[in-house]
Amino acid sequence: FNRVLRTGEKMTGQPFEERELEEIIDTMKAARSKVNVMLSISCGIYQGVHDEIGFLKKGEILVGAGAIQGRVLVCRAPALFPGDIQAAWAVSGSKYGRYKHLDQVVVFSSKGDRPLQDMLGGGD
């Protein structure tokens, strides 16, 4: 399949007609739009910030000043591929009083080889 996408040729070596390629692309787009996962508990936070102070450990995040705790999944919309979603550990805000005013924000750890927010779909 990768060869087909890369070269634009069928497995027989014959080139695809433009109409056939458009049908393949339309089918793939339709399949992506049907991928919806219903979650029992979810929330939307619209901004993420970097832990400039260095309080958070690698893999930790602070969500809504500690309102959410435990194992969480973090993603940017749209999350189209499994790698676009990352697991993190949401920690209590009580020991991070300096961030108590960030109640609608996710604070991402600055520790580790690669920042978590960089691994999310759409990250730079």
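Residues numbered from 1 in each chain as written. Predicted model: local features only at pLDDT ≥ 70, side-chain atom pairs only at ≥ 80, totals over all residues. Heavy atoms only, no water.

> Where do I start with the overall build of the protein in this structure?
Of the regular secondary structure elements, the protein holds three helices and five strands. Helices (α) and strands (β) of the protein occur, in sequence order from the N terminus, as α-α-β-β-β-β-β-α. Scored against the burial criterion, the 124 residues of the protein give a buried share of 27%. Counted over contacts in the protein with a minimum sequence separation of 6, partners at least 24 positions apart contribute 67%. Carbon and sulfur atoms provide 54% of the accessible area of the protein, an area that totals close to 9200 Å². (Helix = DSSP H or I, 4+ residues; strand = E, 2+ residues; numbered from the N terminus. Buried < 20%, exposed > 50% of the residue type's maximum accessible area, 1.4 Å probe, protein only. Contact = heavy atoms within 4.5 Å. Areas by Shrake-Rupley, 256 points an atom, 1.4 Å probe, with all protein chains shown as cover.)

> What's the story with the sheet that holds strand E4 (residues 85-90) in this structure? I'm lost.
The strands making up a sheet associate through backbone hydrogen bonding, with each pair oriented either parallel or antiparallel. Overall, mixed pairing links the five strands, which are arranged E1-E5-E2-E4-E3 in an open sheet. Two strands in the sheet have a free side with no partner beyond their single neighbour: strand E1 (47-50) and strand E3 (70-75). The sheet shows a mean angle of 40° between the axes of neighbouring strands, direction not considered. Pairing analysis gives six bridges linking E3 to E4, with the strands arranged antiparallel. Across the sheet, the residue bridging to Cys75 is Ile85, located in E4. (Pairing = 2+ DSSP bridges. Axes fitted to C-alpha atoms, helices over the stretch in contact; angles between N-to-C directions.)

> Is there a simple way to think about the pairing of strand E5 (residues 105-108) in this case?
Within a regular strand, the side chains alternate between the two sheet faces. A two-sided burial pattern is seen for E5, the buried positions comprising Val105 and Val107 on one face and Val106 and Phe108 on the other. With four bridges connecting them, E1 and E5 associate as parallel partners. Following the sheet pairing, Gln47 is matched in E5 by Val105.

> Help me understand the side chain of Ser109 in this model?
Within the secondary structure, Ser109 sits in the loop between E5 and helix H3 (116-119). Looking at Ser109, its side chain comes within polar contact range of the main-chain nitrogen of Lys111, at 3.0 Å. With residues near it in sequence (within four places) discarded, Ser109 still touches His50, Asp51, Leu56, Lys57, Lys58, Gly59, Glu60 and Gln117. (Polar contact = N/O pair within 3.5 Å; in protein donor to acceptor, adjacent residues only side chain to side chain.)

> In this structure, what is going on with the environment of Pro115? I would like to understand it.
Among the secondary structure elements, Pro115 is positioned in the loop between E5 and H3. With 65 residues separating them along the chain, Pro115 and His50 place their C-alpha atoms 9.0 Å apart.

> Help me understand the side chain of Asp84 in this model?
With respect to the helices and strands, the residue Asp84 is situated in the loop between E3 and E4. In this structure Asp84 comes out as buried when scored by relative accessible area, which is 13%. When near neighbours in sequence (up to four residues on either side) are disregarded, Asp84 contacts Val74, Cys75, Arg76, Pro78, Ala79, Leu120 and Gly121.

> Explain the environment of Ala87 to me, please; I cannot follow it from the model alone.
Following the sequence through the fold, Ala87 ends up in strand E4. Discounting residues that sit within four places of it in the chain, Ala87 has contacts with Arg71, Val72, Leu73 and Leu116.

> What is the right way to read the nonpolar core from this model?
If you look at soluble globular proteins, the nonpolar side chains tend to sit buried side by side. Residues Ile61, Val63, Val72, Val74, Ala88, Ala90, Val106, Phe108, Leu116 and Leu120 constitute the largest nonpolar core, which totals ten residues. Looking at this core, the elements with two or more residues in it are strand E2 (60-63), E3, E4 and E5. Those residues in contact with Val74, other than ones at most four positions away along the chain, are Ile61, Asp84, Ile85, Gln86, Ala88, Phe108 and Leu120. Listed in part, the seven residues of the second largest apolar core include Leu62, Leu102, Val105 and Val107. (Core = buried A, V, L, I, M, F, W, Y, C linked by side-chain atoms within 4.5 Å.)

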